[in-house]
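# Observations on the model geometry
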Amino acid sequence: MLSAVHDWIGRHRIAVLVAWALLIAAAVPAALGQSDHLTGGGFQVPGSASERVETEVQSSVPIDYRPTELAAVLVAPKGTPLSDYRAAIAALRKAARETPRVDLQEPVAETAIYLARTRPGRPVVVALRLNADEFHAPDVAKVLRKKLGLADGRHYGAVRLHLVGAGALWAGMVDLTKDDLKGAERVGFPVVALILLAMFGSLAAAVLPLAIGGVSVLITGALIGLLARHTTMSFYVPNMASMIGIGVAVDYSLFVVVRFREELRDGATQAAARASAMATSGVAVLFSGAGVVIALAGLLLVPTPAIRSMAFGAIVVVLVAMLSCTLLLPALLAVLGPRIGPAKPDSGLFRRWSLWVTARPALSLVGVILVLLALASPVLGLRTGDGALRQFPKDNETRQGFEAAVSVRGDGDGSPLKILVRSKALSRSVTVLRADPEVIKTGVRTLTDDKRWIFIVVQTRHNADAPQVKDLIKRLRAKLPAGSLVGGNSAAQVDFNHAITGSLWKIALWTLLATFVLLLLMLRAIPLALQAVAANVLSVGASFGILTAWQTWGKPDGYIDTVTIPIILAVVFGLSMDYEVFLLSRIRERREAGNDTRTAVIDGIATSGRTISAAALVMVAVFACFAVTGVPVIAELGFGAAVAIAIDATLVRLILVPAAMVLLGERCWWRPKFGGSGRTREAQAVGRG
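Residues numbered from 1 in each chain as written. Predicted model: local features only at pLDDT ≥ 70, side-chain atom pairs only at ≥ 80, totals over all residues. Heavy atoms only, no water.

Once that is clear, we can look at the overall build of the protein chain. When you go through the protein chain residue by residue, the secondary structure sums to 22 helices and 11 strands. A globule of 689 residues ought to have a C-alpha radius of gyration of about 26 Å, and the protein chain, at 29 Å, matches this closely. If you line up the protein chain on its principal axes, its C-alpha atoms span 95 × 50 × 50 Å. Put simply, of all contacts in the protein chain between residues at least 6 apart along the chain, 82% involve residues at least 24 apart. (Helix = DSSP H or I, 4+ residues; strand = E, 2+ residues; numbered from the N terminus. Rg over C-alpha atoms; globule rule 2.2 N^0.38 Å. Contact = heavy atoms within 4.5 Å.)

Right, let's get into the sheet that holds strand S5 (residues 159-164). Judged by pairing direction, the sheet is antiparallel, and its 5 strands sit side by side in the order S2-S3-S1-S5-S4 without closing on themselves. At either end of the open sheet lies a strand with only one pairing partner, and these are strand S2 (102-103) and strand S4 (155-156). Where strand S1 (residues 70-75) lies against strand S3 (residues 124-130), 5 bridges are found, and the strand directions are antiparallel. By the bridge assignment, valine 73 is partnered in S3 with valine 125. (Pairing = 2+ DSSP bridges.)

Next up on the list: the sheet that holds strand S9 (residues 454-460). Through backbone hydrogen bonds, the strands of a sheet pair up, either in parallel or in antiparallel fashion. Spatial strand order, S8-S9-S7-S10: 4 strands in an open sheet with antiparallel pairing. Edge positions in the open sheet fall to strand S8 (439-447) and strand S10 (485-488), since each of these has one partner strand only. Ignoring strand direction, the axes of neighbouring strands in this sheet form an average angle of 25°. Note: strand S7 (residues 417-421) against S10, 4 bridges, orientation antiparallel. Pairing of isoleucine 419 across the sheet is with valine 486, part of S10. Where helix H16 (residues 467-479) meets the sheet, it contacts S7, S8, S9 and S10, and its direction lies at approximately 0° from that of S7. (Axes fitted to C-alpha atoms, helices over the stretch in contact; angles between N-to-C directions.)

The next thing to look at is the pairing of S1. A regular strand places its side chains on the two faces of the sheet in alternate fashion. Burial analysis of S1 places 5 of its 6 residues in the buried class, which makes it a mostly covered element. Bridge analysis of S1 against S5 gives 5 bridges, and the strand direction is antiparallel. Its bridge partner lying in S5, leucine 74 is registered against leucine 161. (Buried < 20%, exposed > 50% of the residue type's maximum accessible area, 1.4 Å probe, protein only.)

Most often, soluble globular proteins keep nonpolar side chains buried together rather than apart. In this structure, Tyr236, Met240 and Leu296 are the most contacted members of the largest nonpolar core, which totals 167 residues. Not counting the four nearest positions on each side in its chain, methionine 240 is found in contact with Leu296, Leu299, Met310, Ala314, Ile567, Val571 and Leu637. In this structure, Leu70, Ile89, Leu128 and Val159 belong to the second largest nonpolar core, which totals 34 residues. (Core = buried A, V, L, I, M, F, W, Y, C linked by side-chain atoms within 4.5 Å.)

Pairs of aromatic rings are described using the distance from one ring centre to the other and the angle between the two planes. Scanning the model with the defined rule gives 8 aromatic pairs in all. Summarising the aromatic geometry, the rings of phenylalanine 43 and phenylalanine 496 are spaced 5.2 Å apart at their centres and angled 80° between planes, so their arrangement reads as edge-to-face. Separated by 453 residues along the polypeptide, phenylalanine 43 in the loop between helix H2 (13-32) and helix H3 (49-60) and phenylalanine 496 in helix H17 (residues 489-523) bring together distant segments of the chain. Of the two residues examined, phenylalanine 43 and phenylalanine 496, each falls in the buried class. Ring-pair connections join several aromatic residues into one group, and the members of that group are Phe43, Trp170, Phe235, Tyr236 and Phe496. Taking the ring centre of tryptophan 453 as reference, the NZ or CZ of arginine 422 above it sits at 3.7 Å. (Phe/Tyr/Trp six-rings, centres within 6.5 Å; stacked < 30°, edge-to-face > 60°. Lys NZ or Arg CZ within 6 Å of the ring centre and 35° of its normal.)

The contact between helix H8 (residues 203-228) and helix H11 (residues 305-336) brings their axes to 8 Å, and the two run at 140°. Relative to H11, the element H8 lies oblique. Two packed elements cross with a definite hand, and for H8 against H11 that hand is right-handed. The residue inventory of the contact of H8 with H11, partitioned by class, reads 17 nonpolar, 4 polar and no charged. (Parallel < 35°, antiparallel > 145°, perpendicular 65-115°, else oblique. Left-handed = near helix turned anticlockwise from the far one by under 90°. Nonpolar A, V, L, I, M, F, W, Y, C, P; charged D, E, K, R; others polar.)

Opposite charge on two side chains permits pairing when their charged atoms draw close. The full count for this structure, using the stated rule, is 27 salt bridges. Ionic pairing is found between arginine 452 and glutamate 56, a salt bridge with its closest N-O pair at 3.4 Å. In this pair, arginine 452 sits in the loop between S8 and S9 while glutamate 56 sits in helix H3, placing the two residues 396 residues apart along the sequence. We note a salt bridge from glutamate 98 to lysine 147, for which the minimum N-O separation is 3.9 Å. Pair noted here: glutamate 98 is in helix H4 (residues 82-98) and lysine 147 is in helix H6 (residues 137-148), with a separation of 49 residues, a long-range link. Residue glutamate 98 is classed as partly exposed on the basis of its relative accessible area, which comes to 39%. Sharing partners across several salt bridges, the network here consists of Glu54, Glu69, Glu134 and Lys418. (Salt bridge = Lys/Arg side-chain N within 4 Å of Asp/Glu carboxyl O.)

As a further point, take the side chain of lysine 470. In this fold, lysine 470 is placed in helix H16. Within the structure, the side chain of lysine 470 is placed 2.9 Å from the side chain of glutamine 493, a separation counted as a polar contact. Discounting residues that sit within four places of it in the chain, lysine 470 has contacts with Asp386, Ala464, Asp465, Ser490, Gln493 and Val494. (Polar contact = N/O pair within 3.5 Å; in protein donor to acceptor, adjacent residues only side chain to side chain.)

Once that is clear, we can look at unusual backbone geometry. With phi around 65°, lysine 451 is a residue other than glycine that occupies positive phi space. Counting through the fold element by element, lysine 451 comes out in the loop between S8 and S9. Residue arginine 524 is not a glycine yet carries a positive backbone phi of 55°. Within the element layout of this structure, arginine 524 appears in the loop between H17 and helix H18 (526-552).

There is a patch of like positive charges on the surface, built from Lys146, Lys178, Lys182 and Arg186. The element best represented in the positive patch is helix H7 (residues 166-200), accounting for 3 residues. If you trace the backbone, lysine 182 turns up in helix H7. The class of lysine 182 is partly exposed, set by a relative accessible area of 45%. (Patch = residues over 30% accessible without salt bridge, like charges linked within 9 Å, V, L, I, M, F, W, Y side chains within 5 Å. Areas by Shrake-Rupley, 256 points an atom, 1.4 Å probe, with all protein chains shown as cover. Lys, Arg positive; Asp, Glu negative; His and termini not counted. Charge placed at Lys NZ, Arg CZ, Asp CG, Glu CD.)

Taking 1.5 Å of rise per residue, 13 residues should cover 18 Å, and helix H5 (residues 106-118) covers 19 Å from first to last C-alpha, within 8% of that figure. On the buried face of H5, the contacting elements are H4 and S3. (Expected span 1.5 Å × (residues − 1).)

To continue, consider the packing of helix H10 (residues 270-297) against H17. Interhelical geometry of H10 versus H17 gives an angle of 165° and a closest axis separation of 9 Å. Compared by their axis directions, H10 and H17 come out roughly antiparallel. Pair H10 / H17 crosses with right-handed handedness. The residues of H17 that touch H10, namely those facing Phe287, Ala290, Gly291, Ile294, Ala295 and Ala297, are Trp510, Thr511, Ala514, Thr515, Leu518, Leu521 and Met522. The residue makeup of the contact of H10 with H17, split by class, is 10 nonpolar, 3 polar and no charged.

In C-alpha cells form, the structure reads like this:
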C-alpha cells in the first residue's frame, strides 16, 4: 500500500510539493504566534479539595474578603525621586484598567506612594484586587505582564516594576520558556545539520532530514497555536513538542534517506530505490511513530489539563513527523534524488562487533544486564518535589521581584492557605490551626454567601513551594474537623502531585501492554516483542537512575520535579523503542530471506549500525540542547531522554539485543499456531486441495 502511495507521489511530485508549500505558508503566522494563547495554569485536579475551595471562594466569598493573590513590587535605590514612583504607579493603574478581572484601588496606590516616601530604598508592594481563581490567575497576570512590558525590561526612571503572586509566577514562566525555546532551536538545528553533513558527505542528502524536521516543528507550532485558542495548552507544550519533533522527524527521514542510498548502491533505479526505501524503512517509521504515540497517550491518564496538553502536543508533533516523512519526503526524494549519491561501502566495524558479541552471548547478556541494573540503582534514592521559583535563573526579573517582596512581607504572606470549615466546627478548627508551629496567623474569617462555610485565611511561616507547607497541608487535612477543605496554591500543588503519583502505575501498565501488542503486530513473534519491552524497561530504569544521581547526589535539597516523572517515563519509553524497531525490522528482513537467527542478527547490526548510531547522535544532540538551555523541568526531560537514547543505541542495541536473540535462537520467532491440528491455514488448504 505504501509503495502504491509513493508511486503516485513520485508521478505527481510537483503538485505534492506545491500543496505542502501552501500548507507551510499558511502555518507560518499561526506558528509565530503559538505562545500568545498558552496558559500558565492548567494544574488543577478536577474534584480535588483545592479546586472545590477555589470554586466556593469565587462563588460565595465577597471579593473584599479574599486574600491578595496578585501584587506589584516597586524596586528602586535609595534617593529615587517620588516622580519615578508616581510614573510606575500610573503605568500600573493604566495596565490594570485595561486588563479584565484585575483592579488597582486608589487608596492602595496612595499608600504605595506614602511608603516610598517614608521608607526610601525599600521595595514597595502594591496589592491588586484579582477577580479570578488561582488556576486562572496566570492568564490574567500574563495579560498584565504584557501591558507593563515586563519581559522587555521596561522601567520608570530608577524604578523597576515586577508582578508577584502564584499567578504572576506561572505567567513569567510563559515568557521564560518562550525564550528558552528560541535558544534551543537556534543551537539545535545547526548542530543537527553538522551531524547530518558529516554522516552523508552530501549537502542534498543532509538537507532532506533537516527540512522534514523544520516542517514538522513549524506545522505543529501552528496547530498548537490554533488549539490554544479553544482549549487549555500549557506553556510547556511548545518546548516539549519542539524537542521531540526535531528528534523524531530528523531520525525518521534519516532512516528512509539512508535506505534509499543503500538501494542505489546495490544497483536499483531511482524509482525502485524510493519504493524499496518506503516499503521497508517507511513501514518501520509508521510502527515506530505509532509506538511513540501509544507511549505518550499514557499521559492522558493523568487528570490534569496541563499534563494532558503536553501529551497532546507531543502526540501531534509525532503524527506530523510521520505524515511529513511518508507524504513529503518521497516527493523531495523524487526531485532531489539524482543529486543524492549512493551510500558508501560499509567499514565493517559493526559487523566485527556483532561477531564478537554473538560469539559470547551469555557473557555479553549477563554483563550488560548487570551494568544496566547498576546504572538504575540510584532510583532507590529518588526524591521528588516541586518549586516554581527554582525554574527561574537568578537574574530573571520575575525571581528578583519575588525576592524583593519576600524581604518586605515574609516568605508565606504572598500565597496563604484558604480553609473552609463548617460554622459549628470553627472553634475546634482555630485551635488546630493555632497549635501548629508552621502557622503564623489566621486572617480573615467570614461566612460565605450561601451560609454553608466559614472562610479562613492562614499565613504560613515558609513560602508556598516549601516542603514544610506541604507537610502542614497534610496535617491539617488529617486534624481539622471532618468535612473541612484546605486550598490555596500550596494545596493545589499537593493535589497535583498526588494526581501524578497516583497515575504512574496506570501509565506504566498502559505503556507496557500497548507497546507489546504493537511490537507483536509488527514482528509477529512473541519472544521478540517481550524482549523488546524488557529491554526498554531496562533503558528507562537506567536513565532514571542516572538522572537521579545527577539531580540529587551531593545535593541535600536536590530532587527531580514531580511533573517530569510521568513525562520522562512516557517519552523515554516511546523513543527508546525507535531504534529497537528499526534494528529488529532489519534483522527480520534477513531472517525472512532464509538466514538463521545468528546470521540475521549479525547482518542486521552490520547494515543498520552506522545509521542507527548517527540517528541516536542526532537525538542525543537535540535533547542535550534543551537540557542546557531550558528551565529545570525541560532540562530534566532533555537530560533523561538524551541518556536513555545513548543507552539504548549502545548497551541495548549493540549488546543486549544480539546476545539475547542468539541465546534464544530459533525460539525468537515463535508464535502460536491456530487451528485444531496445529498446521497453518496454508497447509490445511493444500491438504484439502
